[in-house]
Amino acid sequence: MNIFWTTRCPGDQFDRWWEPYEENVSVVASNKTPPVFGFWNIPPSKVFERALSSVQLEPLELRWPSLSLPNSTYYIDMYFADNSDSMPSSSRVLEIHINDVRYYGNFNVTLEGAAVFATRWPLSGPTKITLSTAANSNISPLINAGEIFYVLLLGGRTHTRDVRALEEMKNCLRILTFDWNGDPITSLEYDQNPMSWIEVTGSEGERVRVIALNLTSMDLGGSLSPSIANLTALSGIWLGNNSLSGVIPDLSSLKLLEILHLEDNQLSGDIPSSLGDIGSLREL
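In this report, we go over the structure that sits alongside the text. (Residues numbered from 1 in each chain as written. Predicted model: local features only at pLDDT ≥ 70, side-chain atom pairs only at ≥ 80, totals over all residues. Heavy atoms only, no water.)

The next thing to look at is the packing of aromatic side chains. In the structure shown here, the tally under the stated rule is four aromatic pairs. Their ring planes at 5° and their centres at 5.3 Å tell us that Tyr-75 and Phe-149 sit as a pair that is stacked. In this pair, Tyr-75 sits in strand β4 (residues 69–80) while Phe-149 sits in strand β10 (residues 145–149), placing the two residues 74 residues apart along the sequence. Classification of Phe-149 as partly exposed rests on a relative accessible area of 22%. Three or more aromatic residues joined by ring pairs form one cluster here, namely Phe-80, Tyr-104 and Phe-107. (Phe/Tyr/Trp six-rings, centres within 6.5 Å; stacked < 30°, edge-to-face > 60°. Helix = DSSP H or I, 4+ residues; strand = E, 2+ residues; numbered from the N terminus. Buried < 20%, exposed > 50% of the residue type's maximum accessible area, 1.4 Å probe, protein only.)

All right, on to the environment of Pro-122 then. Considering the arrangement of structural elements, one finds Pro-122 in strand β7 (residues 114–125). On the accessibility criterion, Pro-122 (57% relative accessible area) is exposed. Separated by 49 residues in sequence, Pro-122 and Thr-73 place their C-alpha atoms 4.2 Å apart. If sequence neighbours within four positions are ignored, Pro-122 has contacts with Ser-72 and Thr-73. (Contact = heavy atoms within 4.5 Å.)

Over its 13 residues, helix α1 (residues 160–172) extends 19 Å from the first C-alpha to the last, a length consistent with the 18 Å expected when each residue adds 1.5 Å. Residues Asp-162, Val-163, Ala-165, Leu-166 and Met-169 constitute the buried set of α1. In a view along the axis of α1, the buried residues occupy a sector of 165°, so they form one face of it. When the buried face of α1 is taken as reference, the exposed residues oriented beyond 90 degrees from it are Arg-164 and Asn-171. (Expected span 1.5 Å × (residues − 1). Arc of directions from axis to C-beta.)

Right, let's talk about the side chain of Ser-225 for a bit. Tracing the chain through its elements places Ser-225 in the loop between β16 (221–222) and β17 (236–238). With a relative accessible area of 6%, Ser-225 lands in the buried category. A polar side-chain atom of Ser-225 sits 2.8 Å from a polar atom in the side chain of Ser-227. Aside from chain neighbours lying at most four places away, what touches Ser-225 is Glu-168, Met-169, Cys-172 and Pro-249. (Polar contact = N/O pair within 3.5 Å; in protein donor to acceptor, adjacent residues only side chain to side chain.)

All right, on to the pairing of strand β2 (residues 50–53) then. The sheet contact formed by strand β1 (residues 26–29) and β2 spans four bridges and is antiparallel. From the neighbouring strand, Val-28 faces β2, where its bridge partner is Ala-51. As judged from the two bridges shared by β2 and strand β9 (residues 142–143), these two strands associate in the antiparallel manner. Note that in β9 the partner of Leu-52 across the bridge is Ile-143. (Pairing = 2+ DSSP bridges.)

The three strands lie next to each other as β7-β4-β10, forming an open sheet whose pairing is antiparallel. Among the strands making up the open sheet, the edge pair consists of β7 and β10. Going across the sheet, the axis of each strand differs from the next one's by a mean of 20°, ignoring polarity. Where β4 lies against β7, nine bridges are found, and the strand directions are antiparallel. Among the inter-strand pairings, Thr-73 is bridged to a residue of β7, identified as Pro-122. (Axes fitted to C-alpha atoms, helices over the stretch in contact; angles between N-to-C directions.)

Below, the structure is given as structure tokens:
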């Protein structure tokens, strides 16, 4: 979360995307970066150029993130940098609640800035963050940026690169029915948040790989993302009888690919000559 733009920031060693908070709240200027030592994921300085605040001493209530979160435990980070107009005698002390549960009390935001984080915080569905002034505070609540994320354990779950590749594919497709939340293989195995629109076959072992992808006759539009080439364990791809458009991406990295069906779509351009470099490909 930031104030105005969706972008990557120079100097962000984690190459994160920062998305704006879209509801109508007061915005103030700020030029301080919290000097937090030992805090491994501190954001780049650009996200502290603006801050959200409330009118006078009223609570600042944020419906964030905008999407409904799947049931899990999350890491929650919030970043605060007091604006330069605050007087030395001012005191900005916050009471922070998440879904009306106290997250942090008497949190002092100094002129040098501050940050707070928690691990394994249970969240599910819409999330509300409320910043209120503490009894000993005489300045309105303020926040510059925040992060909510959870760690995907690799043991017994789909390889992280495969998960990201499927998510990027989904973003390029027009999918009429979609309810995937969670791991693409284990969510099917345990009947939790199944991907009803997709047939995915995973390998065995602790680090599960996607080895087959079947989207035949799913009334899909959009384009075929180049990220499919990151599913390097694929042996079979079935995408026939849809309405996919655009060009066929380079699939030469899929060295295990045996079957590729793209017929009955609206694809354009030439068939990539790189398909000839896949020695295992036997059905096209």
